[in-house]
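Here are the chains, one letter per residue:
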Amino acid sequence: MLNFFRKPSPQGYVIDQFSLGVSLFPKTGSTSFKHLLFEAEQGCAFVKGKQHIHEWAKKNRITSLKNCKYRLILIRDPIERFISCYNNKVIQGRLLDNMDIGPLSLSDPAREFPFPSLEEFIDNFSEMKKVPEINHHTKPISEFLGTRNLNFYSEVFTFDQIGNLTERINQIAATDVTLRHFQKSENNEWEEAPKRASLSQLNRSQFIYLTELYSSEYRFLNPYYSKNTILKDWEQKRKVTG
């Protein structure tokens, strides 16, 4: 009877022959690492045809990590993930162009550019996250996992340890695959529009809003990430930028 209520084990990209499973999430380098894992197993690079690497992995490799000897996870500060989502999906991907979202009319011809500024994105986030792709890419890692903590994993890697995770996968698989960057936030062509958002651009009220938004996530990711750590980082970067 107790098994009926037991939560399922966390999922990830699993390679049975290496007893290796890696949990990856949006805006943590998941696209790049899925390509790396594919090449480590198959001995050749993934060639995009009718399927994206995410679609192929979901169908063929995403499953429970419970039977893996090596259970790895890559995590990232939630506010940095939030900003990365804005850069990649809003500025570069133009996902929200000309949409009417809550009180914000991005289709208004009087606007200088057809997508929300970072300030507008934050101020209207309760409406922005109703767009499925925005919600998916800003969803807390803790909600993806549905676990109380990270104790399930044999090894935890933070976002600044991407190189270490690459080395560890190669070590386990006895390969020498290079991690390639497949998702990159770039500037847009609108002269009046914001080019690329960063942590230093947040004012105090925006920063406080985001730390409260991800309050539970910070508790979940502690001690790897915390409100105090991102606060110090924000304050330091604000000083540098003036």
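Notes on the structure in this doc start here. (Residues numbered from 1 in each chain as written. Predicted model: local features only at pLDDT ≥ 70, side-chain atom pairs only at ≥ 80, totals over all residues. Heavy atoms only, no water.)

**So, the sheet that holds strand 1 (residues 11-15)**
Working step 1: If you walk across this open sheet you meet the five strands as 3-1-2-4-7, and the pairing is mixed. Because the sheet does not close on itself, it has two edges, and the strands there are strand 3 (62-64) and strand 7 (155-158). For this sheet, the mean inter-axis angle between neighbouring strands, taken without regard to orientation, is 35°.
Working step 2: Here strand 4 (residues 70-75) pairs with strand 7 via four bridges, running parallel. (Pairing = 2+ DSSP bridges. Helix = DSSP H or I, 4+ residues; strand = E, 2+ residues; numbered from the N terminus. Axes fitted to C-alpha atoms, helices over the stretch in contact; angles between N-to-C directions.)

**Some points on the packing of helix 2 (residues 30-42) against helix 9 (residues 162-173)**
Working step 1: Across the interface, helix 2 lies against helix 9 with an axial gap of 11 Å and an inter-helix angle of 15°. As the angle between them shows, helix 2 and helix 9 are arranged roughly parallel. The chirality of how helix 2 crosses helix 9 is right-handed. Here F33, L36, L37 and A40 of helix 2 come into contact with helix 9, specifically with I162, L165, T166, I169 and A173. (Parallel < 35°, antiparallel > 145°, perpendicular 65-115°, else oblique. Left-handed = near helix turned anticlockwise from the far one by under 90°. Contact = heavy atoms within 4.5 Å.)

**Digging into unusual backbone geometry**
Working step 1: Omega for the peptide link from N222 to P223 comes to 10°, which places this bond in the cis form.
Working step 2: You can see P223 is positioned in the loop between helix 11 (215-221) and helix 12 (227-241).
Working step 3: Even without a glycine there, the phi angle at S19 is positive, about 50°.
Working step 4: In this structure, S19 sits in the loop between strand 1 and strand 2 (20-23).
Working step 5: Positive phi is not limited to glycine here, since N98 has a value of about 60°.
Working step 6: Among the secondary structure elements, N98 is positioned in the loop between helix 4 (78-92) and strand 5 (100-101).

**Here's the deal with the pairing of strand 2**
Working step 1: Of the two faces of strand 2, the one lined by L20 and V22 and the one lined by G21 and S23 are each fully buried.
Working step 2: In this sheet, strand 2 lies alongside strand 1 in antiparallel orientation, the contact comprising three bridges. By the bridge assignment, Y13 is partnered in strand 2 with V22.
Working step 3: Direction of pairing for strand 2 relative to strand 4: parallel, over a ladder of four bridges. Within strand 4, the position partnered with S23 by the bridge is I73. (Buried < 20%, exposed > 50% of the residue type's maximum accessible area, 1.4 Å probe, protein only.)

**Thoughts on the environment of G102**
Working step 1: Position of G102 relative to the elements: it lies in the loop between strand 5 and strand 6 (104-105).
Working step 2: G102 sits 23 residues away from F125 along the chain, and the two C-alpha atoms are 9.5 Å apart.

**Digging into the pairing of strand 1**
Working step 1: Burial within strand 1 is extensive, with four of its five residues counted as buried.
Working step 2: Note that strand 1 and strand 3 share three bridges and pair antiparallel. Counterpart to G12 in the pairing with strand 3 is T63.
Working step 3: Between strand 1 and strand 2, which follow one another and run antiparallel, lie four residues, and S19 among them has a positive phi close to 50°.

Treat this as a map of the structure, not an account of what it does.
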